[in-house]
Amino acid sequence: MATTLKEVDAVVIGMGWTGSILSRELTKAGLNVVGLERGAMRSPREDFAIPSIRDELKYSNRHELFQDTALETVSLRHSRSETALPIRRLGSFLPGNNLGGAGSHWNGATWRRLETDYVLRSHLTEKYGAKAIPEGMTIQDFGVTYADMEPYYDKFEKLCGISGKAGNLKGQKIDGGNIFEGPRSSEYPNKPLARNLAASMFETAAKNLGYHPFPQPSANASEAYTNPEGATMGQCVYCGFCERFGCESNAKASPNVNVFPVLLPDPKFTLRTHTYVKNLVYDRQAKKVKSVVYVDTRTGEEYEQPAGIVILGAYVFNNTLLMLVSGIGTPYDPATGKGSVGKNYCYQYTGSGTTLFFEDKETNPFMAAGAFGSIIDDFNGDNFDHSGLGFVGGGHISAGLSNGRPIGTRALPPGAPRWGKEWKGATAKWYNRWFNVDGTACDYAHRENYLDLDPTYKDALGRPLLRMTYNFKDNNYKIGAFLAQKCGEIAKSMNPTVMTEPRYRKGDYDSRPYQSTHNTGGTIMGSDPSTSVVNRYLQAWDASNLFIMGASTFPQNQSYNPTGPLGALAYWSANAITTQYLKNPGPLMHA
Amino acid sequence: MADVKIPRRDFLKSAGAASAAGAAMATGIAACSPETKTAASPAPEPEIRLTLTQTEWAFISAAVDTLIPADELTPSGTDVGLVVFIDRQLAGAYGNGARLYRQGPFLPAKAELGYQLSLTPREFFRAGIAATNEWTTKTYGKDFDRLSEAEREEALKVLESGKPEFAGFSSAMFFDQLLTITMEGFFADPIYGGNKDKVAWKMIGFPGLPASYREEIKTYFNKKYDKPPQSIADFS
């Protein structure tokens, strides 16, 4: 039996970006907060130090900082008619573990969504007519607007010391920034990072073709920085060991660097590591979560932690799994389209583009920041006219290598062998002389892409694995073909010695090659309790003291990396909790 | 085709220096420099195998020398420590299934669903090596490591194409795993036993550590960065 602990004001599940932000905001509002982290303590000074952190094999190939798939994973099938099998080793995506979560080993690409992204279905319907939205596409509006989010984007960017250049300052378009972005209330806290050869060549080529290149907004600090909390960041050294690694310079924003140094000493905050949350105890009558049951992974003992407020800030998968195993809300049924828990699972459609090789250039791929390079947004979202194109959405196109780590990052011209003498010669010749022009596309929700409980496979706690039923749909492939062609045009204008045929992902979703850790949906936000799990304040419709954070609340995924948008949502929700909910605990919205 | 005999003890000799590093790891001095060891002990030392059998050691030696042959760019796969690397990897946490979800049922699957066997990497290599030797014996009349250089190259190409029928998994999948672990050893930091003397890093111009380029990102814009590479061991 679980040992019942003394009730606390708030319990926060997951100590990544959203969990650390909510813990900070709630303790500042005077609440006693317990933070639960299934993994171990991670301190940059101890765990991300040189020389050990510069170990590609350990961190990148052996997955040192990621979720342990021996204990928990998800199962996958491409359609309802198939039997799902467990993803036995991580590949396509790399969820985090330990203090800081994936926020400690991300690359740092930090975006704001476009204004139209928040009102996607209404916008597309109004502009192109309801028929323009493909059959089966279950995109929704967020229930919030860009204008609602703007102050919270600003807050998150300042927390993280984002390096970038504004393209729209209070409505004034600025050349050199992203002119398609919504109006910003202030410039980025840090100037853009340096550019490498790839970014510089891409920028010139894109400009010459009439596009609007801008530097990737990045959580790699271009200068030493002190955030409004008083936490300090170092300057990025362009080490090329960013994604999959912790930052030895404290230059990559992470919960470990930007939040925990001020949160951990706060007497109102208690961190409990090695606490693996098993389920939430739900009071169906009161429509509240009474407590959280967790297992201490060191002893196997169970504890029940009652709390006034419960913040679910785990990764997309565990947020959805905990709702399903705790019986909160109605599971989504693709046969009827009814129910909402598990609905609108989306991913990222990456891999459109081409690889360019230059006999007479030195691209030095190993000198790189994680979020780095030059980008155009001219073919993203609804930034271009979709009339007659046969698809909705789009993607951003970029160039600028983020690393030259030699096990994983090598490219050879078409026709080169994979091994042997000829391979060696080609590798020696081309390692330092290539880069990609890449298109990264949105993934719009489809009624057949969803999450539920696996009937066969179990995790280390004996719970069903989360089952992912997912495949790319026609809309993805059409965007892919479109972006590949645009990438090819830009690439060709740079006159490479050799370039690959422009490519895009054509087959079924493949769980093996890394694509992105941008899984979204499952506990989506919205204005209607029959089609969403949380309201516009991220409060669960079925449990008024439960707030769900993170990308699991996105109704669909844009091409942008999710951390910026989910950081803004975390601050927005924290504000609603501290300024509205605490005064009058109960539903903040009525259906 | 001439029957070129490659006695196993020749492999043992060439693997001797790398084995010294293996011995050092076994006594807990993981980051010693293999070069100094070689200089200090000119006589070939007996190979120290953590998990590979003698037959498997010979197979892996022949395989890595075919995948990474000696030429003007680098010494051969065995001479840069790849057999030692693979032996250590398969003997350790990775080889024994760390971070691998191992609950059944184990069912045949489309490739896109990823690895679905019940075997750990160690067990998978055991099965793959045995199956390959069985196939080369059927096709060429002998184990893979006894084939001539040209035959080994040909055999690996056939394996890569997935033509030979193996029980339980495809021969192409075994080849892919073999190639993957070989490349890991070739390009990983030398502390793991491969990439001896940072030969692979020198070959491509990867500088290794400390990887601090605050100024260099500007001063080496479109310029070759020709500093000699440094490994984790150089900073330990």
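Residues numbered from 1 in each chain as written. Chains lettered and ligands numbered in written order. Predicted model: local features only at pLDDT ≥ 70, side-chain atom pairs only at ≥ 80, totals over all residues.

A. Inspection of the overall build of chain A at higher detail. From N to C terminus, chain A includes twelve helices and 23 strands. Scaling as 2.2 N^0.38, a compact globule of 591 residues should have a C-alpha radius of gyration of about 25 Å, and chain A matches this with 23 Å. Overall size of chain A, expressed as C-alpha extent along the three principal axes, is 70 × 55 × 50 Å. In chain A, which comprises 591 residues, the share counted as buried stands at 62%. Taking as baseline every contact in chain A between residues at least 6 positions apart, the subset at least 24 positions apart corresponds to 75%. (Helix = DSSP H or I, 4+ residues; strand = E, 2+ residues; numbered from the N terminus. Rg over C-alpha atoms; globule rule 2.2 N^0.38 Å. Buried ≥ 20, exposed ≤ 12 C-beta atoms within 10 Å, placed from the backbone. Contact = placed C-beta atoms within 7 Å.)

B. Just the overall build of chain B, in detail. Scanning chain B from terminus to terminus reveals ten helices and zero strands. If you list the helices and strands of chain B from N to C, you get α-α-α-α-α-α-α-α-α-α. Looking at chain B as a whole, 42% of its 236 residues are labelled buried.

C. Spotlight on the pairing of strand β15 (residues 349–357) of chain A. Residue and element names in this part refer to chain A. Most of β15 is tucked away, with nine of its nine residues classed as buried. Bridge count between β15 and strand β18 (residues 434–441): seven bridges; the pairing is antiparallel. Bridge pairing in β18 places T354 opposite V437. Sheet topology note: the β15/strand β21 (residues 498–499) ladder contains two bridges and is antiparallel. Following the sheet pairing, F357 is matched in β21 by V498. (Pairing = 2+ DSSP bridges.)

D. Layout of unusual backbone geometry. Omega for the peptide link from I50 of chain A to P51 of chain A comes to 5 degrees, which places this bond in the cis form. Geometrically, the link from G104 of chain B to P105 of chain B is a cis peptide bond, its omega value of 0 degrees lying close to zero. Positive phi values are uncommon outside glycine, yet H63 of chain A reaches one of about 65 degrees. Summarising the element assignment, H63 of chain A is placed in the loop between α3 (56–61) and β4 (74–77). Residue class for H63 of chain A comes out buried when judged on the 20 C-beta atoms lying within 10 Å of it. For N98 of chain A, which is not glycine, the phi dihedral falls at a positive 75 degrees.

E. Representation of the sheet that holds strand β19 (residues 450–458) of chain A in the model. All names here are of chain A. What the four strands build is an open sheet, ordered β5-β4-β20-β19; its pairing is mixed. Both outer strands of the open sheet, β5 (85–86) and β19, are each paired with one neighbouring strand and no more. Sheet analysis places β4 next to strand β20 (residues 464–469), joined by four bridges and oriented parallel. By the bridge assignment for β20, V74 is matched with L466.

F. The arrangement of the nonpolar core in detail. Formed by 216 residues in total, the largest nonpolar core has its most connected members in V310 and I311 of chain A. Ignoring any residue separated from it by four or fewer positions in sequence, one finds I311 of chain A in contact with A10, V12, I13, G19, L22, F547 and M549 of chain A. (Core = buried A, V, L, I, M, F, W, Y, C linked by C-beta atoms within 7 Å.)

G. Seen up close, the interface of chain B and chain A. Contacts between the two partners involve 52 residues from chain B and, on the opposite side, 56 residues from chain A. Class assignment of the residues belonging to the side of chain B that touches chain A gives a composition of 33 nonpolar, seven polar and twelve charged. (Nonpolar A, V, L, I, M, F, W, Y, C, P; charged D, E, K, R; others polar.)

H. View of the environment of I179 of chain A. All names here are of chain A. For I179, the location among the structural elements is in the loop between β7 (172–173) and α6 (197–208). Under the C-beta neighbour-count criterion, I179 is labelled partly exposed, with 16 such atoms within 10 Å. For the pair I179 and D378, spaced 199 residues apart in the sequence, the C-alpha separation amounts to 9.2 Å. Among residues more than four places away in sequence, those in contact with I179 are G167, N168, K173 and H212.

I. Helix α4 (residues 54–67) of chain B, seen in detail. Residue and element names in this part refer to chain B. Across its 14 residues, α4 extends 20 Å between first and last C-alpha, which sits within 8% of the 20 Å expected from 1.5 Å per residue. Where burial is concerned, most of α4 is hidden: twelve out of the 14 residues are buried. Three or more residues of α4 are buried, namely E56, W57, A58, F59, I60, S61, A62, A63, V64, D65, T66 and L67. (Expected span 1.5 Å × (residues − 1).)

J. View of helix α11 (residues 474–492) of chain A. Residues and elements named next belong to chain A. Across its 19 residues, α11 extends 27 Å between first and last C-alpha, which sits within 8% of the 27 Å expected from 1.5 Å per residue. Of all the positions in α11, only N475, N476, I479, G480, F482, L483, A484, K486, C487, I490 and A491 are classed as buried. As for α11, its buried residues are in contact with α6, β15, β17 (395–399), β18 and β21.

K. Structural context of the confidence of the model for chain B. Residue and element names in this part refer to chain B. Across chain B, the average pLDDT comes to 86, with 81% of residues at or above 70. Predicted confidence for residues 1–42 stays below pLDDT 50, and this span has 67 contacts to residues more than four positions away or in other chains. Here the complex is predicted with pTM 0.94, and the ipTM for its interfaces comes to 0.96. (pLDDT = per-residue confidence, 0-100.)

L. Representation of the packing of helix α1 (residues 17–28) of chain A against helix α12 (residues 563–581) of chain A in the model. All names here are of chain A. As a packed pair, α1 and α12 sit with axes 9 Å apart at the nearest point and diverge in direction by 25 degrees. Classified by the angle their axes make, α1 and α12 are roughly parallel. For α1 against α12, the interelement crossing comes out right-handed. Contacts from W17, T18, I21, L22, E25 and L26 in α1 reach T563, L566, G567, A570, Y571, A574, I577 and T578 in α12. Taken together, the residues of the contact of α1 with α12 break down into nine nonpolar, four polar and one charged. (Axes fitted to C-alpha atoms, helices over the stretch in contact; angles between N-to-C directions. Parallel < 35°, antiparallel > 145°, perpendicular 65-115°, else oblique. Left-handed = near helix turned anticlockwise from the far one by under 90°.)

M. The sheet that holds β17 of chain A, seen in detail. Residue and element names in this part refer to chain A. Spatially, β8-β16-β17-β18-β15-β21 is the arrangement adopted by the six strands of the open sheet, whose pairing is antiparallel. Each edge of the open sheet is held by one strand with a lone partner, namely β8 (214–215) and β21. The strands touched by α6 within the sheet are β16 (374–376), β17 and β18, with β16 carrying the most contacts at an inclination of about 30 degrees. Across the face of the sheet, α11 comes into contact with β15, β17, β18 and β21 while running at roughly 20 degrees to β15.

N. Region of interest: the packing of helix α5 (residues 82–91) of chain B against helix α8 (residues 171–187) of chain B. Residues and elements named next belong to chain B. Two elements in contact, α5 and α8, have axes whose closest approach is 9 Å; the angle formed by their N-to-C orientations is 115 degrees. As the angle between them shows, α5 and α8 are arranged roughly perpendicular. As α5 packs across α8, the resulting crossing turns out to be right-handed. Between α5 and α8, the contacting residues are L82, F85, I86 and Q89 on the first element and I181, T182, G185 and F186 on the second. Of the residues that constitute the contact of α5 with α8, the class distribution is five nonpolar, three polar and no charged.

O. Representation of the environment of G462 of chain A in the model. One can find G462 of chain A in the loop between β19 and β20. Placed 184 residues apart in sequence, G462 of chain A and K278 of chain A show a C-alpha to C-alpha distance of 9.4 Å.

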